[in-house]
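Report on the structure
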Amino acid sequence: MVSSDRSSQPISGAALQKEVLKDAVIRLAGNSQDGIQTIGGFLARLAGRTAQEVMTYMTIPSTISGGPSIFQVRMGTGEVLSAGDSADFLVAFYQHSLESHIDSLRERGVLIYDSDHVKPDLSDKRFIYFGVPITGLTIEAVGGSAREKGKNMFVLGLLARMFNLQIDKLRQLIQERFASKGESVLRNALLAFDAGFAYPADSVLKRYYYFEKEKDEDGRVQITMDGNQALAYGLIAAGVRYGAGYPITPWTSIMEILRSELPKYGGTFVQCEDELAAISTALGAAYAGHTAVTGSSGPGLSLKMEALGWAVMAEIPLIIVNIQRGGPSTGMPTNVEQSDLLQAIYGSHGDAPRVVIAPENVEGCFYCAIEAARIAREFSVPVIILSDQSLATRIEAFPEPDLEKLMITPQLDLAPRGADFKPYPLDGPTRHAPPGARIDGKYPTVTGLEHDEHGHPSANPAIHMRMTARRREKLKKLAASLPRPEIYGDQEGDVLLVGWGSTWGPIREAVRRLRAEDKLVGHVHLRHLHPLPNGLERLFTRFRQVFVVEMNDEGLYGFGQLATLLRGRYAYQSIRSITKTDGLPYKVREILEGVRRLSADHVSTFSLYPNL
Amino acid sequence: MSTATADTPPSGEKLTRKVLTGDHPTWCPGCGDFAVLAAFYRFLEQEQIPHEKIVTLAGIGCSSRFPYFVNTHGGHYIHGRSLPFAVGVSLSRDDLHVFVFGGDGDGFSIGGNHLDHTARKNVNLTYVIMDNFVYGLTKKQTSPTSPIGFKSKTDPTGAIDQPINPMKKLLASGATFVARSHAAQVKHMVEMYRRAYHHKGFSVVEILSECVEFYPGAFDAAVPRKQGQFIEIEEKKHDGTPEDEKRHDPSDEEAAFRLAHLEWPGVFGVFYETQRLTKNELEAQLNQRARERVKGKSDLEILRDTFAKMR
């Protein structure tokens, strides 16, 4: 946090050592009911307000009440691309928090622990120890609450002092957050915060930390939110007013937001009895002339597949959000994976081309929602947005979108249609006539049966061939309109790293480090996964090796899901896979290891028949 | 509603059977569904609903071909999911009149769960179940309403599973209008359509409609010219006469269950009707309260205010 304006002077500055940080990774470990997400949220928003870069990472237990939970926040002055491989500071609320997370603390890192609950092994000289009776002091400050509420605010105050944060802004954020919850809640929060700030952390540690100030606050306004919020508000900006869903982690928070927000805009979000009903209700709204949304996570997307096929066949625009999680079946519902790519592109029956796009960060979630709505409307096609658990819950600050330019206020098109009305012309785009539009002739029955230009059912082989081609060709037209992605880093050379979705940050950081070692490395990140943009071959052929980095299994043939697609599409042997399946976001180190491993044995892949 | 509707003026076009006739039905000659369709034309002729506001929807099955045969806005959706599809139409377009058609497979088997939830939510639409006690489109398999002993290709020695009692299921689902009719009784069907249409909320009519190909004679017990008896429910007139005591009060749920429990072929007419706020109305109330809170701001202003809190 940059605070050179000295709104919070170190209390006894002269005797203390000032340690300047470029960025810091702070991991908070406790139980889910301790409100550690709240601390992380405050830090992230403070960072956003002070034009800092920030990225967070959290885990939530899949049990209902309690269970260990962490929140990691990384903030700094440079571009923060990942939540950090290891923590510089670890705050441990309990003994189990310490035991589970001490390994994530770097050497010479600072362990801050609640000395009322945690007994660290002080003989381990790798770390700096800082015990504070967090529980006791919080109870003392708030006035004897046995339930230990407010420890999070105490810790926030403690961190504010250690990092010399702008406490005026923090106090303001606390006011905003708790004002609506009643006077006593706000008072207790501020009491605990002040008590934490009053604790002489700096004199005990004999130092305070100070974020290097690299740039001035340039007046650009940042907003801070998580990926699911960005998706939900992006949908609203895109003119989506109707939707339906069924609760499933980690998609649920999007439907919760839409359920309470859409009525303000005159819309409705329906909680349905199951996933099949959810996509069906959304399709009903789309058939009725609206841009509608449904969404889910992996297993729910599978359940929606038959209806998705209908939407492809009937050419009904629809946005389908899929927040990927880990594993098949119930799998690892609160972990991350990118293993729904092939399901998103090829799931359902028959030849059913649809559009799949993936946001690369929280800001991308907002803009993907807008793009998905535009594509769905323009091409009359279902569009799947593939986000994932880590993006869904990760908080980032990004420049406030220009709503004046982006906001779409939807209009129903109920203009009368002439006798020659054809929803599916062979020589033009699909244009439906929603109910309510008068038709001078035959009214359309929108159907999942194969049909002719008028939408009339037909099992004529020539018509099926022509209409199948029509549904394919419109996506090729979309592909031709997509911008070719730019290469970050070296424009030609040894290794091109290709990624999609939430791995954007760690891959970019890995590229920076490799380039610092004088390797010629580039990075291409694909937002448009189906259809792929044209011209990728011209990027791939500039590098000796193309490594596709993704969070899914290498499969039976040794390639992750995007790598499989790219190899099928381009047939380059230089395309290979770096994958992993631990359910956690990529660490930069893991990508570097992958690159080294593959680079070392690249010879074998250049033999056409390695086993002969 | 922020969704501006560039509404077309009422057509002024008179709804006639000729105007309403769509494709020629693909049903087998003699199928009960022809009469169900004819009754629907007649009902629409009587009501003169603006043509472009009528929506006919269906799932999969012989009877679900219905929308093609009616010249109105229509949708032929997937098996069993026509109701949630119709929910999306009804809730997002309160200006439309939504009719859903389907068979016993669509309504009671693959889509059974949707029937329950659409009913309890009281979504404003009319659902017509053409019940023939057999899977016809797939050529004679056991349906959820096939009686025990019915010989089909999936039960060559006779059905062994307890069939659904449609009226009991519909009553238990929380539907606010439940009626039963017979495809051999066109006048009665027209009357049930009329009552269902004018009911505010989820109205459902089960129509026994014979499959002449795979279950001929299934409903003869209720066909007078085949020595059966078509017994209509006599509804209370509240005239204070002693005979009125014996008549059925459609607002009496217990009495409706007693009618549903009668021996085959039972009785026909309105079993149950009650008034409850529709989901359409409840959602509209939520919207109105939300709109009051944002004090008539534009969509742009509302979202900008939300973002201001995230700075």
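This is a predicted model, so every value here is computed, not measured.

With 13 residues, helix α7 (residues 186–198) of chain B should reach 18 Å at 1.5 Å per residue; the first-to-last C-alpha distance of 18 Å fits that figure. Of the surrounding elements, those touching the buried residues of α7 of chain B are α2 (33–47), β5 (125–131), β8 (177–182) and β9 (202–208) of chain B.

Another point: the packing of helix α3 (residues 134–142) of chain A against helix α6 (residues 183–198) of chain A. Axis angle and axis distance: for two packed helices, these are the angle between their axes and the distance between the axes, and together they describe the pair. Residues and elements named next belong to chain A. With their axes 9 Å apart at the nearest point, α3 and α6 run at an angle of 130° to one another. Here α6 runs oblique to α3, going by the angle between their axes. α3 and α6 meet at a crossing whose hand is right-handed. Facing Leu137, Thr138, Ala141 and Val142 of α3, the residues of α6 in contact are Asn188, Leu191, Ala192 and Ala195.

Attention now moves to the pairing of strand β5 (residues 87–92) of chain A. All names here are of chain A. With five of six residues buried, β5 lies mostly within the body of the structure. Where strand β2 (residues 23–31) and β5 come together, four bridges link them in parallel fashion. When the bridges of β5 are listed, Leu28 appears paired with Val91. Inspection of the sheet shows β5 paired to strand β6 (residues 105–114) by five bridges, in the parallel sense. Paired with Ala92 across the strands is Tyr113, a residue of β6. With helix α2 (residues 95–101) bridging β5 and the parallel β6, this β-α-β connection has right-handed handedness.

Moving on to the nonpolar core. Counting 254 residues, the largest nonpolar core has Ile319 and Ile385 of chain A together with Val178 of chain B as the members making the most contacts within it. With eleven residues, helix α14 (residues 362–379) of chain A is the largest single contributor of residues to this core. One finds Leu412, Leu414, Phe421 and Ala437 of chain A within the second-largest nonpolar core, a separate group that totals five residues.

Turning our attention to the domain arrangement of chain B. Residues and elements named next belong to chain B. Looking at chain B, the domain boundaries give domain 1 (17–276) and domain 2 (278–311). If you look at the interface, domain 1 gives nine residues, while domain 2 gives four residues. For the side of domain 1 that touches domain 2, the residue count by class is two nonpolar, four polar and three charged.

Reading guide: rules and limits
- Residues numbered from 1 in each chain as written.
- Chains lettered and ligands numbered in written order.
- Predicted model: local features only at pLDDT ≥ 70, side-chain atom pairs only at ≥ 80, totals over all residues.
- Helix = DSSP H or I, 4+ residues; strand = E, 2+ residues; numbered from the N terminus.
- Expected span 1.5 Å × (residues − 1).
- Contact = placed C-beta atoms within 7 Å.
- Axes fitted to C-alpha atoms, helices over the stretch in contact; angles between N-to-C directions.
- Parallel < 35°, antiparallel > 145°, perpendicular 65-115°, else oblique.
- Left-handed = near helix turned anticlockwise from the far one by under 90°.
- Buried ≥ 20, exposed ≤ 12 C-beta atoms within 10 Å, placed from the backbone.
- Pairing = 2+ DSSP bridges.
- Right-handed = clockwise from strand over helix to strand, strands pointing away.
- Core = buried A, V, L, I, M, F, W, Y, C linked by C-beta atoms within 7 Å.
- Domains from an automatic or database assignment.
- Nonpolar A, V, L, I, M, F, W, Y, C, P; charged D, E, K, R; others polar.

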